[in-house]
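So you can see what is in the structure, the chains are spelled out below.
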Amino acid sequence: MTPWVILLLLANPVVVRDETLKPVQLGLILEAEDRLNPETRAWFRSETERILKPLPVSIGWRSLERYDRRESFDRIIVLRLKGDCVWPDSEFSPERPLGFTHVTSGAVLPYVELDCLSIQRTLLSKLEPSVVRRSRMLGIGLGRVTAHEIYHVLSGSTAHAASGVAKRAFSREDLFRSDVGLDASSIELIRKRISAERPLLLETTEP
Ligand SMILES: [Zn+2]
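Keep in mind the model is a prediction, meaning the values are calculated, not measured.

K.L.:
What is the right way to read the overall build of the protein chain from this model?
P.N.:
The helix and strand inventory of the protein chain stands at six helices and five strands. Starting at the N terminus and walking to the C terminus, you meet the elements of the protein chain as α-β-α-β-β-β-β-α-α-α-α. By residue count, 34% of the 207 residues in the protein chain fall in the buried class. Long-range contacts, defined here as pairs at least 24 residues apart, represent 74% of the contacts in the protein chain between residues at least 6 apart.

K.L.:
For this particular structure, what's the right way to read the pairing of strand β2 (residues 57-63)?
P.N.:
Along a regular strand, successive side chains alternate from one face of the sheet to the other. In this structure, strand β1 (residues 24-31) lies alongside β2, joined through seven bridges in parallel fashion. By the bridge assignment, Ile 29 is partnered in β2 with Arg 62. With helix α2 (residues 38-52) bridging β1 and the parallel β2, this β-α-β connection has right-handed handedness.

K.L.:
Whenever I open this one, the nonpolar core confuses me. Can you help?
P.N.:
Most often, soluble globular proteins have nonpolar side chains that are buried together. Ile 77, Leu 79, Leu 114, Ile 150, Tyr 151, Val 165 and Ile 190 are the most contacted members of the largest nonpolar core, which has 42 residues in total. Those elements that provide at least two residues to this core are β1, α2, β3 (75-82), β5 (107-115), α3 (116-123), α4 (131-155) and α6 (184-205). Sort the elements by how many residues they give to this core and α4 lands first, with 10 residues. Sequence-distant contacts of Leu 114, that is, excluding residues within four places in its chain, are made with Leu 79, Arg 80, Leu 81, Lys 82, Gly 99, Leu 142, Val 145 and Thr 146.

K.L.:
Looking at this model, I keep getting lost on the packing of α2 against α4. Mind explaining?
P.N.:
The description of two helices packed together rests on the angle between their axes and the distance between the axes. Running from amino to carboxyl end, α2 crosses α4 at an angle of 35 degrees, the nearest separation of the two axes being 7 Å. The hand of the α2/α4 crossing is right-handed. Side by side, α2 and α4 meet where Glu 39, Thr 40, Arg 41, Ala 42, Trp 43, Phe 44, Glu 47, Thr 48, Ile 51 and Leu 52 of the first sit next to Val 132, Ser 135, Arg 136, Leu 138, Gly 139, Ile 140, Leu 142, Gly 143, Arg 144, Thr 146, Ala 147 and Ile 150 of the second. When its residues are assigned to classes, the contact of α2 with α4 shows 11 nonpolar, six polar and five charged.

K.L.:
I tried to follow the environment of Leu 26 on my own but got confused; where do I start?
P.N.:
Tracing the sequence through the fold places Leu 26 in strand β1. A C-alpha to C-alpha distance of 4.9 Å links Leu 26 and Ile 59, two positions 33 residues apart in sequence. Setting aside chain neighbours within four positions, we find Leu 26 in contact with Val 57, Ser 58, Ile 59, Phe 73, Asp 74, Arg 75 and Ile 77.

K.L.:
Please explain the sheet that holds β3 as it appears in this structure.
P.N.:
Neighbouring strands of a sheet are bound in pairs by backbone hydrogen bonds; such pairs are parallel or else antiparallel. The five strands are arranged β2-β1-β3-β5-β4 in an open sheet whose pairing can be described as mixed. Only two strands of the sheet have a single partner each, and these edge strands are β2 and β4 (99-104). Mean inter-strand twist for the sheet, computed between neighbouring axes without regard to direction, equals 25 degrees. The sheet contacts of α3 involve β3 and β5, and relative to β5 the element is tilted by about 60 degrees.

K.L.:
Would you mind showing me how to read the pairing of β4 here?
P.N.:
In the sheet, β4 pairs with β5 via five bridges, with the strands oriented antiparallel. Bridge assignment links Gly 99 to a residue of β5, and that residue is Leu 114. Between β4 and β5, which follow one another and run antiparallel, lie two residues, and Ser 105 among them has a positive phi close to 50 degrees.

K.L.:
Teacher, can you tell me more about the packing of α3 against α4 here?
P.N.:
Direction vectors running N to C along α3 and α4 enclose 115 degrees, while the axes themselves pass 10 Å from each other. For the element pair α3 / α4, the angle class is roughly perpendicular. Considering the relative orientation of α3 and α4, their crossing is right-handed. Residues Cys 116, Ile 119, Gln 120 and Leu 123 of α3 form the contact with α4, whose own contacting residues are Met 137, Leu 138, Gly 141, Leu 142 and Val 145. Among the residues forming the contact of α3 with α4, the class breakdown is seven nonpolar, two polar and no charged.

Conventions and cut-offs
Residues numbered from 1 in each chain as written. Predicted model: local features only at pLDDT ≥ 70, side-chain atom pairs only at ≥ 80, totals over all residues. Helix = DSSP H or I, 4+ residues; strand = E, 2+ residues; numbered from the N terminus. Buried ≥ 20, exposed ≤ 12 C-beta atoms within 10 Å, placed from the backbone. Contact = placed C-beta atoms within 7 Å. Pairing = 2+ DSSP bridges. Right-handed = clockwise from strand over helix to strand, strands pointing away. Core = buried A, V, L, I, M, F, W, Y, C linked by C-beta atoms within 7 Å. Axes fitted to C-alpha atoms, helices over the stretch in contact; angles between N-to-C directions. Left-handed = near helix turned anticlockwise from the far one by under 90°. Nonpolar A, V, L, I, M, F, W, Y, C, P; charged D, E, K, R; others polar. Parallel < 35°, antiparallel > 145°, perpendicular 65-115°, else oblique.

This is the structure in structure tokens:
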């Protein structure tokens, strides 16, 4: 960041609320996406995009296996699916986190793990008979957990919000509700972080 920009931010904090922020090109690189059926994958993507819509980000979904490394994004987050992404016939395993983001020495890394089995266990009982409904709910659950982890990556924070997608834990009701999104404080935290990083991003994208 140049001294000029620092001065500008100090003199005019309104800059960080600038609604005209150029969107950050965010590449979401999904590992082993073939493990999700097409319906689940479609719901997963649309739910993630719905929740991230208030943010100045433009999302590009890519498969890790087919990703062309010459393609560039401002930010890349790798998403890895853990556990069984097909509805299991057996008993559910003991409780595990729905997802987590890697943190090293306090720094949030752009590497997210999503636990299909834990998400399914939280969503519905194994007696749910409708394949269509299971696929949709798993996709929505994956989208909400992904949005939560992306909140950590884009804000650079390991803290949690009091409500919304960025709160510490999801209940079954949280995953079922239709209006779940990022709360205002989480959106503001990410916008500030993106604003602060913007000169850095512009340097790499505009010669
Ligand atoms: Zn969290």
